[in-house]
Amino acid sequence: MIADAGFWLVLAAILSAIAGLLHGAIIIGGPAWYRFFGAGEKMARAAEAGRPYPALITLAIMAVLLTWSAYALSAARLIPELPFLSFALSAITAIYLVRGLALIPLWLSKRAATTQFEIWSSVICLGYGVVHAVALTKVWPTL
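Just so we're clear, the structure is a prediction, and the values are computed from it rather than from any experiment. (Residues numbered from 1 in each chain as written. Predicted model: local features only at pLDDT ≥ 70, side-chain atom pairs only at ≥ 80, totals over all residues. Heavy atoms only, no water.)

Q: Got a minute to help me understand the nonpolar core in this structure?
A: In globular proteins that are soluble, nonpolar side chains generally tend to be buried together. In terms of nonpolar packing, the biggest core is built from 23 residues, with Leu9, Tyr71, Leu89 and Tyr96 touching the most fellow members. At the level of secondary structure, the elements contributing two or more residues to this core comprise helix 1 (3–29), helix 4 (53–75), helix 5 (85–101) and helix 7 (116–139). Once residues lying within four places of it in the same chain are set aside, the contact partners of tyrosine 96 are Ser16, Leu65, Trp68, Cys125, Leu126, Tyr128, Gly129 and His132. (Core = buried A, V, L, I, M, F, W, Y, C linked by side-chain atoms within 4.5 Å. Buried < 20%, exposed > 50% of the residue type's maximum accessible area, 1.4 Å probe, protein only. Helix = DSSP H or I, 4+ residues; strand = E, 2+ residues; numbered from the N terminus. Contact = heavy atoms within 4.5 Å.)

Listed below in structure tokens is the structure:
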């Protein structure tokens, strides 16, 4: 493995892990945290009412993000190799980039209605996608 790839893969893993753990914190933080992080009033009210689905949805997102972190660590050879490693890393990178770039058509179609959450979450996802793309480019020859 190229040493430089290790840095980018670990950074990608850390970013996905932070996002995953943040989702866990949102569950613990409750309705106010759902509102603050832009989950929407419906999710916040459901959490207030004690409905299980906000926590279950958020837990599923957390599990996906932590799995993505594990895939980056696997590519960095810090944990055992996970199945479909090159496909998974490519898909993860694409999902982050598409999610980040999704703001452009959204903004063009409803400029005034674009929320701060939509803007910031798109910028963050785009940044994550760029880090993953750099990592993937550097590690690709060894996959």
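Read on, since the account is not over.
Q: Even after reading the chapter, I still don't get the environment of phenylalanine 37, so can you show me in this structure?
A: Within the secondary structure, phenylalanine 37 sits in the loop between helix 2 (31–36) and helix 3 (41–48). Phenylalanine 37 sits in the partly exposed class, given a relative accessible area of 28%. Between the C-alpha atoms of phenylalanine 37 and serine 121, which are 84 residues apart in sequence, the distance is 9.3 Å. Each residue touching phenylalanine 37, except ones within four places of it in the same chain, is listed here: Leu22, Ile26 and Phe117.

Q: What is the right way to read the packing of aromatic side chains from this model?
A: Each aromatic ring pair is characterised by the separation of its centres together with the angle its planes make. Enumeration according to the criterion identifies five aromatic pairs in this entry. Centroid distance tryptophan 33 to phenylalanine 37: 5.8 Å. Interplanar angle 45 degrees. Geometry classified as tilted. Taking relative accessible area as the criterion, tryptophan 33 reaches 35% and is therefore assigned partly exposed. Each member of the aromatic cluster is reached from another via a ring pair, and the members are Trp33, Phe36 and Phe37. (Phe/Tyr/Trp six-rings, centres within 6.5 Å; stacked < 30°, edge-to-face > 60°.)

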